[in-house]
Amino acid sequence: LIGNDILSALVAFGIVLIPAVIIHELGHFLAAKAVGITVLEFGIGFPPRAAKLFSWGETEFTLNWIPLGGFVRPLG
């Protein structure tokens, strides 16, 4: 991706944003689990859901259609 065009900027933004979101939300996930809160869903992107990646215990790991963030959905 050489050059100064909008596509390069969007790809670079995605390459930086997606891992940052995953690491950030992983912090929420681990903090909730550390204090005994059940986490129902760990989502990358915002709903609607595009795909269920896998389940681990009671937590569903999902990929969602709006790729500008993520979330951890605790029980209650």
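Above: the structure in question.
Predicted model, so just to flag it, every value in this text is computed and none were measured.

Quick word on the overall build of the chain
Okay, step 1: Helices and strands together make up the secondary structure of the chain, namely 1 helix and 2 strands.
Okay, step 2: Its helices and strands taken in sequence order, the chain reads α-β-β from the N to the C terminus.
Okay, step 3: Here the C-alpha atoms of the chain give a radius of gyration of 15 Å, more than 25% beyond the 11 Å that 2.2 N^0.38 yields for 76 residues.
Okay, step 4: The burial tally for the chain puts 25% of its 76 residues in the buried class.
Okay, step 5: A separation of at least 24 residues holds for 39% of the contacts in the chain among residues at least 6 apart in sequence.
Okay, step 6: As presented, the chain carries roughly 5200 Å² of accessible surface, and 74% of it is formed by carbon and sulfur atoms.
Okay, step 7: Counting 4 positive and 5 negative side-chain charges, the chain places the centres of these two groups 10 Å from one another.

Focus on unusual backbone geometry
Okay, step 1: Backbone torsion omega between Pro47 and Pro48 reads 20 degrees, so that peptide bond is classified as cis.
Okay, step 2: Among the secondary structure elements, Pro48 is positioned in strand S1 (residues 39-56).

Points about the pattern of salt bridges
Okay, step 1: If you walk through the whole model with that rule in mind, you get 5 salt bridges.
Okay, step 2: The salt bridge partner of Glu41 is Arg73, with a shortest N-O separation of 2.9 Å. Of the two residues, Glu41 sits in strand S1 while Arg73 sits in strand S2 (residues 59-74), which places them 32 residues apart along the sequence.
Okay, step 3: Look at the salt bridges and you will find they share partners, linking Glu41, Arg49, Lys52, Glu60 and Arg73 into a network.

Quick look at the side chain of Thr59
Okay, step 1: Among the secondary structure elements, Thr59 is positioned in strand S2.
Okay, step 2: Residue Thr59 is classed as buried on the basis of its relative accessible area, which comes to 1%.
Okay, step 3: Engagement of the side chain of Thr59 in a polar contact is seen with the backbone oxygen of Val39, the distance being 2.7 Å.
Okay, step 4: If we skip the residues at most four places from it in the chain, Thr59 touches Phe29, Lys33, Val39, Leu40, Glu41, Phe42 and Phe54.

Procedures and definitions
- Residues numbered from 1 in each chain as written.
- Predicted model: local features only at pLDDT ≥ 70, side-chain atom pairs only at ≥ 80, totals over all residues.
- Heavy atoms only, no water.
- Helix = DSSP H or I, 4+ residues; strand = E, 2+ residues; numbered from the N terminus.
- Rg over C-alpha atoms; globule rule 2.2 N^0.38 Å.
- Buried < 20%, exposed > 50% of the residue type's maximum accessible area, 1.4 Å probe, protein only.
- Contact = heavy atoms within 4.5 Å.
- Areas by Shrake-Rupley, 256 points an atom, 1.4 Å probe, with all protein chains shown as cover.
- Lys, Arg positive; Asp, Glu negative; His and termini not counted.
- Charge placed at Lys NZ, Arg CZ, Asp CG, Glu CD.
- Salt bridge = Lys/Arg side-chain N within 4 Å of Asp/Glu carboxyl O.
- Polar contact = N/O pair within 3.5 Å; in protein donor to acceptor, adjacent residues only side chain to side chain.

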